[in-house]
Amino acid sequence: MPPSHREDALTVVKRLRDNGHIAYFAGGCVRDMLLKIEPKDYDVATDAPPEVVRKLFSNTQAVGAAFGVILVRLHQSQIEVATFRTDGNYADGRRPAAVQFTTAEEDAKRRDFTINGVFFDPIGDRTIDYVAGQRDLQNRILRAIGDPTHRFAEDHLRLLRAVRFAARFNLTIEPLTAQAIQRHAEHLKRISPERIAEELRLMLTPASRVHAYRLLREFGLDRIILRFLPDCCEHGEVFAAIAQPEISIGLALGAMVLDARPAKLLTLPEIRTAASSLRQALKISNEESDRFEGSLSFARLLLDPPPTVATMKRFLAQPFARDAQTLMQAVGRTGILTGQVQLRTEQLRELEKTDVAPPPLLTGDDLTAARWTPGPLFKRVLDAVYDAQLEDRIQTHDQALQMAEELRKHAPPRT
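For clarity, every value in this text was computed on a predicted model and none was experimentally measured. (Residues numbered from 1 in each chain as written. Predicted model: local features only at pLDDT ≥ 70, side-chain atom pairs only at ≥ 80, totals over all residues. Heavy atoms only, no water.)

Asks: How do you make sense of the overall build of the protein chain when you look at a structure like this?
Replies: For the protein chain, the helix and strand inventory stands at 20 helices and 11 strands. Over its C-alpha trace the protein chain gives a radius of gyration of 28 Å, far above what one expects of a compact globule, namely 22 Å for 415 residues. Overall size of the protein chain, expressed as C-alpha extent along the three principal axes, is 90 × 45 × 40 Å. Residue pairs in contact within the protein chain that sit at least 24 positions apart in sequence constitute 66% of those at least 6 positions apart. Accessible area for the protein chain stands at about 20200 Å²; split by element, carbon and sulfur atoms hold 50% of it. Here the protein chain contributes 56 positively and 55 negatively charged side chains, and the mean placements of these two sets differ by 2 Å. (Helix = DSSP H or I, 4+ residues; strand = E, 2+ residues; numbered from the N terminus. Rg over C-alpha atoms; globule rule 2.2 N^0.38 Å. Contact = heavy atoms within 4.5 Å. Areas by Shrake-Rupley, 256 points an atom, 1.4 Å probe, with all protein chains shown as cover. Lys, Arg positive; Asp, Glu negative; His and termini not counted. Charge placed at Lys NZ, Arg CZ, Asp CG, Glu CD.)

Asks: Hey, could you run me through the nonpolar core in this one?
Replies: One finds Leu200 and Leu204 to be the most contacted residues of the largest nonpolar core, which totals 79 residues. Among the elements that take part in this core, helix 12 (residues 249–259) stands out by supplying 8 residues, more than any other. Setting aside its immediate chain neighbours within four residues, leucine 200 contacts Thr205, Leu216, Ile225, Ile249, Leu253 and Leu282. Counting residues in hydrophobic clusters, the runner-up holds 22 residues, among them Val12, Tyr42, Phe57 and Leu74. (Core = buried A, V, L, I, M, F, W, Y, C linked by side-chain atoms within 4.5 Å. Buried < 20%, exposed > 50% of the residue type's maximum accessible area, 1.4 Å probe, protein only.)

Asks: Please clarify how the pattern of salt bridges should be interpreted in this entry.
Replies: Pairing between side chains becomes possible if they bear opposite charge and their charged atoms approach one another. Applying the stated criterion across every chain yields a total of 26 salt bridges. Two residues, lysine 189 and glutamate 186, come together in a salt bridge whose shortest N-O distance is 2.8 Å. (Salt bridge = Lys/Arg side-chain N within 4 Å of Asp/Glu carboxyl O.)

Asks: Please clarify how the sheet that holds strand 9 (residues 126–128) should be interpreted in this entry.
Replies: Ordered in space as 3-4-5-2-1-8-9, the 7 strands form an open sheet in which the pairing is mixed. Strands at the two margins of the open sheet, each flanked by one partner only, are strand 3 (60–64) and strand 9. The mean inter-strand angle of the sheet, taken between neighbouring strand axes irrespective of direction, is 35°. For strand 3 and strand 4 (residues 69–74), the ladder comprises 3 bridges, and the chain directions are antiparallel. By the bridge assignment, glutamine 61 is partnered in strand 4 with leucine 71. Taken strand by strand, helix 1 (residues 5–18) contacts strand 1 (23–26), strand 2 (43–46), strand 4, strand 5 (77–83) and strand 8 (119–121), and its axis lies near 150° from that of strand 1. (Pairing = 2+ DSSP bridges. Axes fitted to C-alpha atoms, helices over the stretch in contact; angles between N-to-C directions.)

Asks: When you look at the pairing of strand 1 in this model, what are you seeing that I'm missing?
Replies: Consecutive residues of a regular strand have side chains that alternate between opposite faces of the sheet. Burial of the side chains of strand 1 extends over both faces: Ala23 and Phe25 are buried on one face and Tyr24 and Ala26 on the other. Two strands pair when backbone bridges link them, and strand 1 and strand 2 are joined in this way by 4 bridges, in the antiparallel orientation. The partner of tyrosine 24 across the bridge, within strand 2, is alanine 45. Both strand 1 and strand 8 contribute to a ladder of 2 bridges, which runs antiparallel.

Asks: Hey, could you run me through helix 16 (residues 321–333) in this one?
Replies: Each α-helix winds once per 3.6 residues, and so residues spaced three or four apart point in a common direction. Taking 1.5 Å as the rise per residue, helix 16 with 13 residues should run 18 Å; its terminal C-alpha atoms sit 18 Å apart, in good agreement. Among all positions of helix 16, only Ala321, Asp323, Ala324, Gln325, Thr326, Leu327, Met328, Ala330, Val331 and Gly332 are buried. On its buried face, helix 16 sits against helix 12, helix 14 (286–302), helix 15 (309–316) and helix 17 (338–351). (Expected span 1.5 Å × (residues − 1).)

Asks: Just to check I follow, could you spell out helix 13 (residues 268–282) for this structure?
Replies: Taking 1.5 Å as the rise per residue, helix 13 with 15 residues should run 21 Å; its terminal C-alpha atoms sit 21 Å apart, in good agreement. Ile271, Ala274, Ala275, Leu278 and Leu282 are the residues of helix 13 that are buried. In a view along the axis of helix 13, the buried residues occupy a sector of 100°, so they form one face of it. The inward-facing, buried residues of helix 13 abut helix 9 (193–204), helix 11 (221–225), helix 12 and helix 14. In the segment just after helix 13, lysine 283 is the residue with positive phi, at about 55°. (Arc of directions from axis to C-beta.)

Now the structure itself:
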């Protein structure tokens, strides 16, 4: 069995110590250990400068050498080794323009929150806490290190990180820190869409997402994130009504958009516009955008009376079907169209027992073989024939071809 990540990180600490340097576990892994959570990875902080770290280990990568960060690869582990530092001015609201290597205490004091500023000495089995992070963890408090206004002015992404940590670990945000988050909400506009989207993926998909969502609303951060949508200052409760423990980011964003329009459901054109805007504003992937648009569109379609059996079967064959049903059911829990939601849920449950995506009885090749001229009528006819098949109005290839010929006979002439 290969060594664990902790054992590999301990090897890194020991080698640094054996060569006369201070080295500790640092950051999130220490926080998780204090909370009795198994860390996913381990970071090491040291007084050894980056060039020394690279000499002591054979497989390294300078992922942030200007900031004193070297990635050490050992067995199956990738351990981030950072030199103790203080930061200069943050000109872009994200990264310091320059750093200066320093002591462990000064390094702790430049970090974001007290819960992330504790070091652990794995050799001496002791914590090194210059910022009272252990006390805040015991009291379930999230507190910025030093002046919270200064912390958020340095790095605007900390606004979202504060929400994520508070939700994930069920922490109360200390009042001065909370006030600073609210005051700096507008600064989210300076953060790249990709970074905002990644924070949203981390905070809005796990079981703790409702806590995160309420904090986003409380501090006005959601208004900045969804500022391109109309009526985003209003709020419903669709997001909080989702029952699943973990959800996709597409479903999460769909619920947020519905909550921005509590008085009515979006129309299909509005949904397409929202999907396009989200894709541009958050730089989410095409797959995530399609899942968002698909789940919203079909949830809307299912709530329009009445969808055909073919429509519902086509829906069930889509990869986002589960998300759309979840969204529809959440809408019902808020008191909107509750009876209709229950009816659709029962209908879908029965249809799921059938073959919702059988091979089509008629294909484009069949029409070509029957001397049809390819064109727009092809798709319309094939769709109509397949709908009839899904609704069990036809059962054989001959019936499908006969229906196609009838549809062609009565099709309006091309202009």
